[in-house]
Amino acid sequence: MKFQAIKGVRDILPPESALWNRVEQTAREVFGTFGFAEIRLPIFEQTDLFARSVGQETDIVSKEMYSFEDRDETSISLRPEATASVVRAYIQHGMQTLPGNVKLHYMGPMFRRERPQKGRYRQFYQIGAEVLGASDAPGIDAEVIEMLMTLFERLKLKGAVLNINSIGDKNCRPAYVEKLRAELVKVREQLGEDSKRRIETNPLRVLDSKLEQEQGIIEKLPRIAEHLCENCREHYAEVKRQLGLRGIVYQENWRLVRGLDYYMRTTFEITAPGLGSQNAVCGGGRYDGLVELLGGPATTKGIGFAIGTDRLVLSLQEAGEDAAQDGPAGKAAGPDVYLAWFGAAAQSAAIGLAKRLRDAGFVVELPAVEMKFGKSLGLADRLGSRHAVIVGDDELAAGIVTVKRLSDGAQQKVGEQELFSYLRTAQNPGI
RNA sequence: GUGAGCGUAGCUCAGCUGGUAGAGCAUCGGUCUGUGGCACCGAGGGUCGCGGGUUCAAACCCCGUCGCUCACCCCA
């Protein structure tokens with residue numbers, strides 16, 4: 001094999017692509033009902049945008065970005081996430097002058113140069129949404145989460161678990177981080193290599209460690225919930241109350257920390273089964289300082305999330321939710337009508353009929369060259385067609401067609417108007 | 001970046017203690033010039049991931065390398 005896809009990227013083939021479309025379409029519908037409109041963003045930006053927002057010292061920026069020098073020598077990067085772009089667009093287009101909160105959603109590929117594994121790719125897809133505006137009301141946090149849960153419910157995602165936490169703001173987090181660091185130094189020798197390193201680089205990350213021998217130590221570490229400032233504590237309490245008002249079940253997880261620098265206060269993550277080691281389908285949180293950091297008005301607050309579409313689809317597949325495809329293995333669902341024609345005169349009649357059928361919304365397969373009768377019906381069968389419509393000399397002479405139901409072989413001769421009504425009643429409406 | 005497992009036809013795999021490749025499925029054609037699923041017959045398709053070494057002889061043994069997968073790290 002000469003060419004193959006680059007490491008960590010992949011093709012999404014039928015019938016899986018149909019599930020992707022369903023997921024993305026459902027997201028558009030659900031988000032639309034919450035008043036979110038779609039924003040289409042560029043796939044690359046100035047490198048500095050990501051360095052400033054995501055954080056220069058994060059793994060994403062320091063070692064995972066696809067960066068390159070443009071011809072004018074500016075550094076450009078493929079986006080590793082989209083919140084920075086949304087905020088950039090918000091500022092660039094002066095959206096702070098729009099009435100109320102600006103609610104935007106997006107979907108598309110992101111790029112991070114990590115070692116691929118189950119549920120992780122170098123080109124991966126996210127569906128995300130952001131609320132930007134003057135208000136940081138806890139009700140916004142809760143509604144954003146409600147919207148997410150509504151989507152998952154609509155998609156029949158099984159076993160989704162919502163984890164929430166508050167990681168404080170610039171008034172209380174630094175002091176907590178120092179306290180945590182001080183405690184970690186005391187138990188340094190009992191920690192693994194990775195956690196030892198994080199004492200310096202990112203003490204919060206230690207809380208997220210999965211190492212068995214560290215669990216007992218982590219349980220005894222100071223918790224941020226007990227070190228939040230007054231404002232953060234009240235905000236967090238109100239977010240939880242607002243979630244309760246919406247009937248949303250959540251799990252408080254004091255060890256939930258986010259990897260991107262811009263998060264503060266509310267953070268959340270949703271896990272789902274069937275994903276292997278990477279079990280988070282969605283992560284998000286509040287980022288009130290980000291707009292100002294990127295040069296926008298200091299009064300603008302923000303909150304958002306990103307769903308890992310690859311992982312969401314994977315979890316749905318593991319649960320058998322992709323069974324809606326009923327075509328032959330490896331193929332998309334078959335056509336409604338296979339239009340078998342025989343002879344030059346029949347071909348021209350079939351071309352016209354195919355057009356009228358398609359205009360009426362039927363999926364029509366029209367053989368490009370004449371085939372033997374048996375071959376043609378055989379192909380109709382293997383394509384998973386529901387009906388064969390036969391146009392040969394006999395039909396032409398009588399001005400009718402033969403329609404045959406492939407599932408049981410029942411067939412009859414009908415005029416064109418009858419054909420349409422027959423096909424409509426034979427359709428499986430709904431689903 | 002680190003570790004482990006795996007690389008034989010489009011797919012799933014067989015190939016014994018070394019003797020230069022097979023099956024099933026799939027594809028295409030035929031039996032079959034107005035009726036599909038079945039059956040039978042046939043065809044195409046492989047530098048055995050790649051390179052080197054050992055050997056009279058390597059898919060098989062040794063070394064290296066590339067790729068895939070999973071896990072660590074980190075994250076969606």
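Residues numbered from 1 in each chain as written. Chains lettered and ligands numbered in written order. Predicted model: local features only at pLDDT ≥ 70, side-chain atom pairs only at ≥ 80, totals over all residues. Heavy atoms only, no water.

Draft legend 1. Quick look at the overall build of chain A. Regarding its fold elements, chain A presents 16 helices and 16 strands. A compact globule built from 431 residues should have a C-alpha radius of gyration of about 22 Å, whereas chain A, at 28 Å, is more than 25% larger. Its C-alpha atoms give chain A principal-axis dimensions of roughly 90 × 50 × 50 Å. The buried share of chain A, reckoned over its 431 residues, is 49%. Restricting to contacts in chain A with at least 6 residues of sequence separation, those with at least 24 account for 71%. Accessible surface for chain A amounts to roughly 21600 Å². Of this, 50% is attributable to carbon and sulfur atoms. Across chain A, 56 positive and 58 negative side-chain charges occur, with their mean positions spaced 2 Å apart. (Helix = DSSP H or I, 4+ residues; strand = E, 2+ residues; numbered from the N terminus. Rg over C-alpha atoms; globule rule 2.2 N^0.38 Å. Buried < 20%, exposed > 50% of the residue type's maximum accessible area, 1.4 Å probe, protein only. Contact = heavy atoms within 4.5 Å. Areas by Shrake-Rupley, 256 points an atom, 1.4 Å probe, with all protein chains shown as cover. Lys, Arg positive; Asp, Glu negative; His and termini not counted. Charge placed at Lys NZ, Arg CZ, Asp CG, Glu CD.)

Draft legend 2. Here's a closer look at the domain arrangement of chain A. Annotation of chain A at the domain level lists domain 1 (16-172 + 228-318) and domain 2 (337-425). Domain 1 and domain 2 are separated by 50 Å when their C-alpha centres are compared. (Domains from an automatic or database assignment.)

Draft legend 3. Here's a closer look at the environment of Gly32. Along the chain, Gly32 turns up in helix H1 (residues 16-33). Along the chain, Gly32 and Pro42 lie 10 residues apart, while their C-alpha atoms are 22 Å from each other.

Draft legend 4. Molecular detail of a nonpolar patch on the surface. Where nonpolar side chains cluster on the molecular surface, the patch consists of Ile43, Phe44 and Phe68 and spans about 260 Å² of accessible area. With respect to the helices and strands, the residue Ile43 is situated in the loop between strand S1 (37-38) and strand S2 (44-46). Ile43 sits in the partly exposed class, given a relative accessible area of 35%. (Patch = residues over 30% accessible without salt bridge, like charges linked within 9 Å, V, L, I, M, F, W, Y side chains within 5 Å. Salt bridge = Lys/Arg side-chain N within 4 Å of Asp/Glu carboxyl O.)

Draft legend 5. How the structure looks around helix H13 (residues 344-359). Between its terminal C-alpha atoms H13 stretches 23 Å, which fits the 22 Å expected from 16 residues at 1.5 Å a residue. Of all the residues in H13, the buried ones are Ala346, Ala350, Leu353, Ala354 and Leu357. The arc that holds the buried residues of H13, viewed along the axis, is 110 degrees, so those residues lie on one side. Across from the buried face of H13, at angles greater than 90 degrees, the exposed residues are Ala344, Ser348, Lys355 and Asp359. Lining the buried residues of H13 we find strand S12 (337-341), strand S13 (364-365), strand S14 (387-391), helix H15 (393-398), strand S15 (401-405) and helix H16 (416-426). Phi turns positive one or two residues past the end of H13, at Gly361, with a value near 100 degrees. (Expected span 1.5 Å × (residues − 1). Arc of directions from axis to C-beta.)

Draft legend 6. Fine view of the pairing of strand S7 (residues 161-166). With five of six residues buried, S7 lies mostly within the body of the structure. Bridge analysis of S7 against strand S9 (residues 264-271) gives six bridges, and the strand direction is antiparallel. The partner of Asn163 across the bridge, within S9, is Glu269. Across two bridges, S7 lies against strand S8 (residues 251-252) in parallel orientation. Residue pairing for S8: Ile164 is matched across the bridge by Glu252. (Pairing = 2+ DSSP bridges.)

Draft legend 7. Summary view of the protein's contact with RNA strand B. RNA strand B sits among 51 residues. The nearest are Arg112, Arg120, Arg198, Arg205 and Leu406. The share of sugar and phosphate among atoms of RNA strand B within 4 Å of the protein is 55%. Lys7 places a side-chain nitrogen or oxygen 2.9 Å from a phosphate oxygen of RNA strand B. A distance of 2.4 Å is found between a phosphate oxygen of RNA strand B and a side-chain nitrogen or oxygen belonging to Ser277. Of all elements in the fold, only strand S6 (123-133), helix H7 (193-201), strand S10 (280-286), strand S11 (301-308), helix H14 (373-382), H15 and S15 reach the threshold of two or more residues within the surface near RNA strand B. Residues that form the surface near RNA strand B fall into these classes: 11 nonpolar, 17 polar and 23 charged. (Near = heavy atom within 4 Å. Polar contact = N/O pair within 3.5 Å; in protein donor to acceptor, adjacent residues only side chain to side chain. Nonpolar A, V, L, I, M, F, W, Y, C, P; charged D, E, K, R; others polar.)

Draft legend 8. Region of interest: the packing of aromatic side chains. Counted under the stated rule, the structure contains eight aromatic pairs. A centroid spacing of 5.9 Å and a plane angle of 75 degrees characterise the contact between Phe31 and Phe305, whose relative ring orientation is edge-to-face. Residue Phe31 is found in helix H1, and its partner Phe305 is found in strand S11; the two are separated by 274 residues along the sequence. Each of the two residues, Phe31 as well as Phe305, counts as buried. (Phe/Tyr/Trp six-rings, centres within 6.5 Å; stacked < 30°, edge-to-face > 60°.)

Draft legend 9. Structural view of H1. With 18 residues, H1 should reach 26 Å at 1.5 Å per residue; the first-to-last C-alpha distance of 26 Å fits that figure. What H1 keeps buried is the set Leu19, Trp20, Val23, Glu24, Thr26, Ala27, Val30 and Phe31. Looking straight down H1, one finds its buried side chains confined to an arc of 160 degrees; they lie on one side. Those residues of H1 that are buried are in contact with strand S5 (102-111), S6, helix H5 (138-154), S11 and helix H12 (309-318). Gly35 lies just past H1 and shows a positive phi near 85 degrees.

Draft legend 10. Here's a closer look at the packing of H13 against H16. Packing of H13 against H16 leaves a shortest axis separation of 12 Å and a crossing angle of 40 degrees. Taken as axis vectors, H13 and H16 run oblique relative to one another. Of the two possible hands of crossing, H13 and H16 adopt the one that is right-handed. Of the residues in H16, those in contact with Leu353, Arg356 and Leu357 of H13 are Glu416, Leu419, Phe420 and Leu423. For the contact of H13 with H16, a count of residues per class yields five nonpolar, no polar and two charged. (Axes fitted to C-alpha atoms, helices over the stretch in contact; angles between N-to-C directions. Parallel < 35°, antiparallel > 145°, perpendicular 65-115°, else oblique. Left-handed = near helix turned anticlockwise from the far one by under 90°.)

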